[in-house]
Amino acid sequence: MKIEHLISQIHQKKSFLCVGLDTDLEKIPQHLLEDEDPIFAFNKAIIDATHSFCVAYKPNIAFYEAYGLKGWKSLERTMAYLNDKHPEIFTIADAKRGDIGNTSTRYAKAFFETLNFDSITIAPYMGKDSVEPFLAFEDKHTILLALTSNQGAFDFQTKKVNGGELYKEVLKVSKSYTNAERLMYVVGATKATYLKDIREIIPDSFLLVPGVGAQGGSLQEVCAYGMTKNVGLLVNSSRGILYASTGDDFAEAAANEAQKIQIEMEVELGKIHK
Ligand SMILES: O=c1ccn([C@@H]2O[C@H](COP(=O)(O)O)[C@@H](O)[C@H]2O)c(=O)[nH]1
């Protein structure tokens, strides 16, 4: 998907919400466990209920790999459903991959070609030759972990190297990669105030921002520091939407939660041209 298409979807839906599909068999309503594919049944119900309030879905691959072949099948069915019913919606494989070049190419083929995701999250630790194989794919996007939402982000990411923090080095160096215009970055909503410095290094890049909802990050703070004239943000919520209710009304509760965030996003979008 071209970035212009994503931006146009954001304005059309007045939303830059990404719904995280972190589907956990221990948390989904009991009656769905009787379905032959409970993960897909849950995802389908969530997608049907929330698609008008969001512009992206982000299955976290761990939640599928955890169930082996069955989980992978559920992921394939979810992607086929999204590509068929909602091809306008941006898809993110939250896989956090990255390896030596020939291995990265296989990861890229798995997620961009076989599963047809629009984007994938990548750990930058192995450097240029581990990231560029993903960037070689036209109309696909590589989302580098820059400053993550968890407490452990302070173990390495904010440590000084060459006089600046490591996450800033990731941002600066990655700008020189071949096809760097296909890069996006992960910045946690729990680190919203850092966005001011981040925007000085990457003023226009799209950011995937997890950490609102269950992790307590503030949407308004993220927008105040991180929004650009082209929006530049995809804000993710997973558990806060998926498990808004664990009863039979789970899909309706998820829709209400997604709509609540969409309405707050509409207010923030209104500030762009003022
Ligand atoms: O820095 C990061 C990078 C990725 N994540 C992922 O996003 C979702 C967040 O889920 P919530 O339930 O909304 O907290 C999850 O898949 C994480 O693995 C992140 O949280 N922080």
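Conventions we followed
- Here the residue index of a chain counts from 1 through its sequence in written order.
- Residues qualify for local features only when their pLDDT is at least 70, as the model is predicted, and side-chain atom pairs are given and counted only at 80 or more; totals for whole chains, interfaces and linings, by contrast, use all residues.
- Secondary structure elements follow DSSP: runs of H or I no shorter than four residues count as helices, runs of E no shorter than two count as strands, and numbering proceeds from the N terminus.
- When we talk radius of gyration, it's over C-alpha atoms, and the globule rule is simply 2.2 Å times the number of residues to the 0.38.
- Exposure classification rests on a simple neighbour count of other C-beta atoms within 10 Å of a residue's own: a residue reaching 20 or more is buried, one at 12 or fewer is exposed, and one in between is partly exposed. C-beta atoms are placed from the backbone.
- Once C-beta atoms are placed from the backbone, any two residues with those atoms within 7 Å are in contact.
- A pair of strands counts as paired when DSSP detects no fewer than two bridges linking them.
- With strands facing away from the observer, any crossover in which the path from the first strand over the helix to the second runs clockwise is taken as right-handed.
- A set of buried residues qualifies as a nonpolar core if it consists of Ala, Val, Leu, Ile, Met, Phe, Trp, Tyr and Cys joined through C-beta atoms within 7 Å.
- Axis angles are defined between N-to-C directions and span 0 to 180 degrees, where every axis is a line fitted to C-alpha atoms and, for a helix, only to the segment in contact.
- Whether a residue is near a molecule or strand depends on its C-beta atom, generated from backbone atoms, being within 6 Å of that molecule or strand.
- Any residue outside Ala, Val, Leu, Ile, Met, Phe, Trp, Tyr, Cys, Pro, Asp, Glu, Lys and Arg is labelled polar, Gly included; the first ten of those are nonpolar and the last four are charged.
- UniProt positions are given in the numbering used here, feature names are shortened, and annotations may be inferred rather than shown by experiment.
- Here a helix's expected span is defined as the number of its residues, less one, multiplied by 1.5 Å.

Looking only at helices and strands, the protein chain features 12 helices and 10 strands. Here the protein chain has a C-alpha radius of gyration of 18 Å; the compact-globule value for 274 residues is 19 Å, and the two agree. Along the three orthogonal principal directions, the C-alpha set of the protein chain runs to about 55 × 45 × 35 Å. When each of the 274 residues of the protein chain is scored for burial, the buried share is 48%. Looking at the protein chain alone, contacts between residues at least 24 apart form 71% of all its contacts between residues at least 6 apart.

Another aspect to go through is unusual backbone geometry. For K14, which is not glycine, the phi dihedral falls at a positive 50°. Among the structural elements, K14 can be located in the loop between α1 (3-13) and β1 (17-21). Phi is positive for N116, close to 60°, though the residue is something other than glycine. With respect to the secondary-structure elements, N116 resides in the loop between α5 (101-114) and β4 (119-122). Residue N116 is classed as partly exposed on the basis of its 16 C-beta neighbours within 10 Å.

Next up on the list: the pairing of strand β9 (residues 207-210). The two faces of β9 match: L207 and V209 on one face and L208 and P210 on the other face are all buried. Pairing of strand β8 (residues 183-187) with β9 involves 2 bridges; the strand directions are parallel. Bridged to Y185 within β9 is L207. A crossover links β8 with its parallel partner β9, the connecting element being helix α9 (residues 195-201), and its sense is right-handed.

Looking at soluble globular proteins, one finds that nonpolar side chains tend to be buried together. Grouped together as the largest cluster of nonpolar side chains are 85 residues, with contacts concentrated most on L17, C18, L144, A146, Y185, V235 and A254. Ignoring any residue separated from it by four or fewer positions in sequence, one finds Y185 in contact with I143, L144, A146, L171, I202, S205 and L207.

One closed barrel accounts for 8 strands, arranged β1-β2-β3-β4-β5-β8-β9-β10; its pairing is parallel. On average, each strand axis in the sheet is inclined to that of its neighbour by 30°, with strand direction left out of account. Each of β1, β2 (56-59) and β3 (90-97) is contacted by helix α4 (residues 68-85), which is oriented at about 170° to β2, the strand it contacts most.

Around the ligand lies a shell of 19 residues, among which N60, T148, P210, S238 and R239 are the nearest. Elements represented by at least two residues in the shell around the ligand include exactly β10 (233-237) and α11 (239-242). Counted by class, the shell around the ligand contains 3 nonpolar, 13 polar and 3 charged residues.

Before going further, it helps to examine the UniProt feature "domain: Orotidine 5'-phosphate decarboxylase" (unreviewed entry) in the protein chain. Taking the numbering used here, the UniProt-annotated feature "domain: Orotidine 5'-phosphate decarboxylase" (unreviewed entry) corresponds to residues 16-254. Within residues 16-254, the helical portion is 39% and the strand portion 19%, while the C-alpha atoms at the span's ends are 16 Å from each other.

This part covers helix α2 (residues 38-50). Compared with an ideal rise of 1.5 Å per residue, which puts 13 residues at 18 Å, α2 spans 18 Å between its outermost C-alpha atoms and is within 8% of the ideal. With respect to burial, α2 is a largely interior element, 10 of its 13 residues being buried. Those residues of α2 not exposed but buried are P38, I39, F40, A41, F42, N43, I46, I47, A49 and T50. As for α2, its buried residues are in contact with β1, β2, α4, α11 and α12 (250-270).

Sequence positions flagged by UniProt for "active site" (unreviewed entry) are, in local numbering, K96. The class for K96 is partly exposed, based on 16 C-beta atoms found within 10 Å. Those residues in contact with K96, other than ones at most four positions away along the chain, are T121, A123 and L145.

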